[in-house]
Amino acid sequence: FLVQYFHAALSESTALTRALRLIRLAPRSHTAFKDNLVAAFAALGGQQGQRFAGEPLCAGELARVLKQLTSSCPLHLGKALLTLLDKREADPISYSDFSCTVVAALVLEETLAHAEALAEICADGPAWLAADRQEAHPQQP
């Protein structure tokens, strides 16, 4: 795990792909996740992640992260989350807004995946329900 973790964290890539990799590198429940969010925020800071202390990212950069994070979702979660922040593309985004929005996107993505799995199970219906239906409405030849 650690070898893969550090190899992925240090490999050459664009700021966006590096930030996305850092966000996905550890599960939200892992202690490294918060550190990865800080590193992802710094990675998006421009040239080699160099930003002046305290200078926030812009909403456009966060929008690109959210678009990639939620690309497998049928809904436009990223746009909805940015709408909740009430930010235009050039507006600054603090680390607090960044981290809360990224975590919200991940939670929503996980929730939708669970809902889809549940819907598939319910579509087939449990075997006992099928048996009850058959007894209540026997098919006539």
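What follows is about the pattern of salt bridges. Counting across every chain of the model gives three salt bridges. Between Asp-91 and Arg-88 there is a salt bridge, with the nearest N and O atoms lying 3.3 Å from each other. Accessibility expressed as a relative area gives 16% for Asp-91, which makes it buried.

This part covers the packing of aromatic side chains. Here the distance between the centres and the angle between the planes together describe a pair of aromatic rings. Inspection of the entire model under this criterion finds three aromatic pairs. Ring centres of Phe-41 and Tyr-95 lie 5.4 Å apart, and the angle between their planes is 80°; this geometry places the pair in the edge-to-face category. With a gap of 54 residues between them, Phe-41 in helix H3 (residues 32–43) and Tyr-95 in helix H6 (residues 95–124) connect regions that are remote in the sequence. Residue Phe-41 is classed as buried on the basis of its relative accessible area, which comes to 14%. For Tyr-95, a relative accessible area of 29% corresponds to the partly exposed category. Arranged with centres 5.3 Å apart and planes meeting at 55°, the rings of Phe-41 and Phe-98 form a pair that is tilted. Residue Phe-41 is located in helix H3, and its partner Phe-98 is located in helix H6; the two are separated by 57 residues in the primary sequence. Put simply, the rings of Phe-41, Tyr-95 and Phe-98 touch in pairs and so form one group of aromatic residues.

Judged by nonpolar contacts, the single largest core of 24 residues is most densely connected at Ile-23, Leu-62, Val-65, Leu-69, Phe-98 and Val-102. Listing elements by their share of this core, those giving two or more residues are helix H2 (15–25), H3, helix H4 (59–69), helix H5 (77–85) and H6. Phe-98 has contacts with Ile-23, Leu-37, Ala-40, Phe-41, Leu-44, Leu-57, Leu-62 and Ile-93, leaving out every residue within four places of it along the chain.

Following the sequence through the fold, Arg-64 ends up in helix H4. A relative accessible area of 42% means that Arg-64 is categorised as partly exposed. In sequence terms Arg-64 and Lys-79 are 15 residues apart; their C-alpha atoms lie 10.0 Å from each other. Not counting residues up to four positions away in its chain, the partners in contact with Arg-64 are Leu-16 and Glu-89.

Moving on, we get to the packing of H2 against H4. Where H2 contacts H4, the axes come no closer than 10 Å and their chain directions differ by 55°. Of the possible angle classes, the one that applies to H2 and H4 is oblique. In terms of crossing hand, the pair formed by H2 and H4 is right-handed. For the pair H2 and H4, contact is made by Leu-16, Leu-20, Ile-23 and Arg-24 and by Arg-64, Val-65, Gln-68 and Leu-69, respectively. Partitioned by chemical class, the residues of the contact of H2 with H4 number five nonpolar, one polar and two charged.

With twelve residues, H3 extends 16 Å between its outermost C-alpha atoms, agreeing within 8% with the 16 Å of an ideal straight helix rising 1.5 Å per residue. For H3, the full list of buried residues reads Ala-32, Phe-33, Asn-36, Leu-37, Ala-40, Phe-41 and Ala-43.

The next point concerns the packing of H4 against H5. Closest axis-to-axis distance for the H4/H5 pair is 9 Å, and the angle between their directions is 150°. Looking at the two axes, H4 sits roughly antiparallel to H5. Where H4 crosses over H5, the handedness of that crossing is right-handed. In this structure, H4 uses Ala-59, Leu-62, Ala-63 and Leu-66 to contact H5, whose residues at the interface are Gly-78, Leu-81, Leu-82 and Leu-85.

The rules we used
Residues numbered from 1 in each chain as written. Predicted model: local features only at pLDDT ≥ 70, side-chain atom pairs only at ≥ 80, totals over all residues. Heavy atoms only, no water. Salt bridge = Lys/Arg side-chain N within 4 Å of Asp/Glu carboxyl O. Buried < 20%, exposed > 50% of the residue type's maximum accessible area, 1.4 Å probe, protein only. Phe/Tyr/Trp six-rings, centres within 6.5 Å; stacked < 30°, edge-to-face > 60°. Helix = DSSP H or I, 4+ residues; strand = E, 2+ residues; numbered from the N terminus. Core = buried A, V, L, I, M, F, W, Y, C linked by side-chain atoms within 4.5 Å. Contact = heavy atoms within 4.5 Å. Axes fitted to C-alpha atoms, helices over the stretch in contact; angles between N-to-C directions. Parallel < 35°, antiparallel > 145°, perpendicular 65-115°, else oblique. Left-handed = near helix turned anticlockwise from the far one by under 90°. Nonpolar A, V, L, I, M, F, W, Y, C, P; charged D, E, K, R; others polar. Expected span 1.5 Å × (residues − 1).

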